[in-house]
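As a plain string of letters, each chain reads:
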Amino acid sequence: MARRHVHEEHMNHEAWAIPYGDLVTLLLAFFVVMYAISSVNAGKYRAVADSLSNALGGPPKAITPVQLGKTQVRGADHDRPTLATKGSTAPTRAAAVQLAPLPLPAAEAAADAQARSAKQLQGIGNRIGDALSGLVKQKLVRVRRGTDYLEVEIQSDLLFASGSARPSALAIDTVRKVADVLRDEPNALRVEGYTDNQPIASPQFPSNWELSAARAASVLHVMVDAGIAPQRLSMTGYAEFQPVADNATSEGRNANRRVMLVILPAGLGTDAVTRSGTVSVAMRETRSDRRTA
């Protein structure tokens, strides 16, 4: 029986290339990881570390929110101030809003704007007082300044005949003098009409509502004719329902029959709410003078 020839296995002299390639690959991966760590975004790294810690059940590493990128979505909680320090918890959103003070530049700008507005209204009041000085001395016109408005009160007896909304020649002259002061100013104006509680019933004016509104409209038309832009004007009638004196006396009824020019701060529209503060008298007059006028 012939012996089986056994082939001798040849040695693979290139076997070293496999572990060498693995080593090179590992070294490449090592240096890539090292490079990535050396230039990692600190915010992203902290965010990933904190997420992994939370996922594995550990306490969060970061105490304050982490800023990702250069900007945040408007209104995000990360944009809100926080008072959190080591060993303390962050305040609630409401507390953070209440504790955050108004930035100093914004507060100073608001105060400066309010001061300029008050100074401008005071200047207008002084010029109107000078233009109507004779009527002011007779207490037929009063100029008063509040915290955010100026009002010029004109007695209706000076402007209109009893039960009429047609302005007299003196009324037109008086309103035109006020319009001359206000023509080049940016302030909006509101004309308000008031009456006493004496009833009126005529085809033209069924009630004091129509009479007070018609008188305010008449004054408004005079101001438009004098050059005041209509966009700056509005009017309303209050009838007898906002008296300043007792209607039981003739003096009180005379004080309640009036037309008021309310001059608003520059930049506000005619529908702005005013009279939020205490009225201070711009012209020299006493409180007793106002009651008896």
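Our subject is the structure listed above.
Please read these numbers as outputs of a predicted model, since none were measured by experiment.

> What is the right way to look at the pairing of strand S3 (residues 189–194) in this model?
Regular strands place side chains that alternate from one sheet face to the opposite one. Among the 6 residues that make up S3, 6 are buried, leaving the element largely enclosed by the rest of the structure. Here S3 shows a buried face lined by Leu189, Val191 and Gly193 and a second buried face lined by Arg190, Glu192 and Tyr194. Examined bridge by bridge, S3 and strand S4 (residues 233–237) share 5 bridges and lie parallel to one another. If you follow Glu192 over to S4, its bridge partner there is Thr236. In this view, the connection linking S3 to its parallel neighbour S4 by way of helix H8 (residues 208–225) has right-handed handedness. Where S3 and strand S5 (residues 258–263) come together, 6 bridges link them in antiparallel fashion. Following the sheet pairing, Gly193 is matched in S5 by Val259.

> Help me out: how do you make sense of the packing of aromatic side chains in this one?
Each aromatic ring pair is characterised by the separation of its centres together with the angle its planes make. Under the criterion given, the structure shown has 3 aromatic pairs. Both rings, one in Phe30 and one in Phe31, keep their centres 5.5 Å apart while their planes meet at 70°; by these two values the pair is edge-to-face. Accessibility expressed as a relative area gives 46% for Phe30, which makes it partly exposed. A centroid spacing of 5.1 Å and a plane angle of 10° characterise the contact between Tyr194 and Tyr238, whose relative ring orientation is stacked. With Tyr194 in strand S3 and Tyr238 in the loop between S4 and helix H9 (250–256), this pair connects stretches of sequence that are 44 residues apart.

> How should unusual backbone geometry be read in this particular structure?
The bulk of non-glycine residues show a negative phi, and the bulk of peptide bonds are trans. For Lys139, which is not a glycine, the phi torsion comes out positive at approximately 60°. On the basis of relative accessible area, Lys139 is assigned to the partly exposed category, the value being 33%. Residues other than glycine seldom take positive phi values, yet Ala239 does so here, at roughly 55°. Looking at the secondary structure, you find Ala239 in the loop between S4 and H9.

> Just to check I follow, could you spell out the pattern of salt bridges for this structure?
When charged atoms on two side chains of opposite charge get close, those side chains can pair. Tallying each qualifying case throughout the model produces 8 salt bridges. Across the salt bridge formed by Glu151 and Arg144, the nearest N and O atoms sit 3.0 Å from each other. Classification of Glu151 as buried rests on a relative accessible area of 5%. The exposure class assigned to Arg144 is buried, which follows from its relative accessible area of 2%. Through salt bridges with shared partners, a single network forms among Arg144, Glu151 and Glu153.

> Looking at this model, I keep getting lost on H8. Mind explaining?
Count 3.6 residues to each turn of an α-helix, and residues three or four apart come out pointing the same way. With 18 residues, H8 extends 26 Å from end C-alpha to end C-alpha; this agrees with the ideal 26 Å at 1.5 Å per step. Close packing links the buried residues of H8 with helix H6 (156–159), helix H7 (169–182), S3, S4 and S5. Trailing H8 by a residue or two, Gly227 shows a phi angle of about 110°, which is positive.

> I tried to follow the environment of Ile128 on my own but got confused; where do I start?
Its location among the elements puts Ile128 in helix H4 (residues 104–131). Residue classification places Ile128 among the buried residues on the basis of a relative accessible area of 1%. Through-space distance from the C-alpha of Ile128 to that of Val152 is 8.5 Å; in sequence the pair is 24 residues apart. Ignoring anything within four residues of it in the chain, the contact list for Ile128 reads Val143, Val152, Val178, Val181, Leu182 and Ile263.

> Hey, could you run me through the nonpolar core in this one?
The nonpolar side chains of a soluble globular protein tend to be buried, and buried together. Residues Ile128, Leu182, Val219, Met223 and Ile263 are the most contacted members of the largest nonpolar core, which totals 33 residues. The greatest single-element share of this core, amounting to 6 residues, is contributed by H7. Counting 7 residues, the second-largest nonpolar core is a separate cluster that includes Tyr149, Ala188, Val262 and Ala272.

> What exactly am I supposed to notice about the side chain of Arg215 here?
Following the sequence through the fold, Arg215 ends up in helix H8. No salt bridge is formed by the buried Arg215, whose closest oppositely charged neighbour, Asp157, lies at an N-O distance of 6.2 Å. Excluding anything up to four places from it in sequence, Arg215 contacts Ser156, Phe160, Ala161, Ser162, Gly163, Ser164 and Ala165.

Procedures and definitions
- Residues numbered from 1 in each chain as written.
- Predicted model: local features only at pLDDT ≥ 70, side-chain atom pairs only at ≥ 80, totals over all residues.
- Heavy atoms only, no water.
- Buried < 20%, exposed > 50% of the residue type's maximum accessible area, 1.4 Å probe, protein only.
- Helix = DSSP H or I, 4+ residues; strand = E, 2+ residues; numbered from the N terminus.
- Pairing = 2+ DSSP bridges.
- Right-handed = clockwise from strand over helix to strand, strands pointing away.
- Phe/Tyr/Trp six-rings, centres within 6.5 Å; stacked < 30°, edge-to-face > 60°.
- Salt bridge = Lys/Arg side-chain N within 4 Å of Asp/Glu carboxyl O.
- Expected span 1.5 Å × (residues − 1).
- Contact = heavy atoms within 4.5 Å.
- Core = buried A, V, L, I, M, F, W, Y, C linked by side-chain atoms within 4.5 Å.
- Lys, Arg positive; Asp, Glu negative; His and termini not counted.

That is the geometry; function is a separate question.
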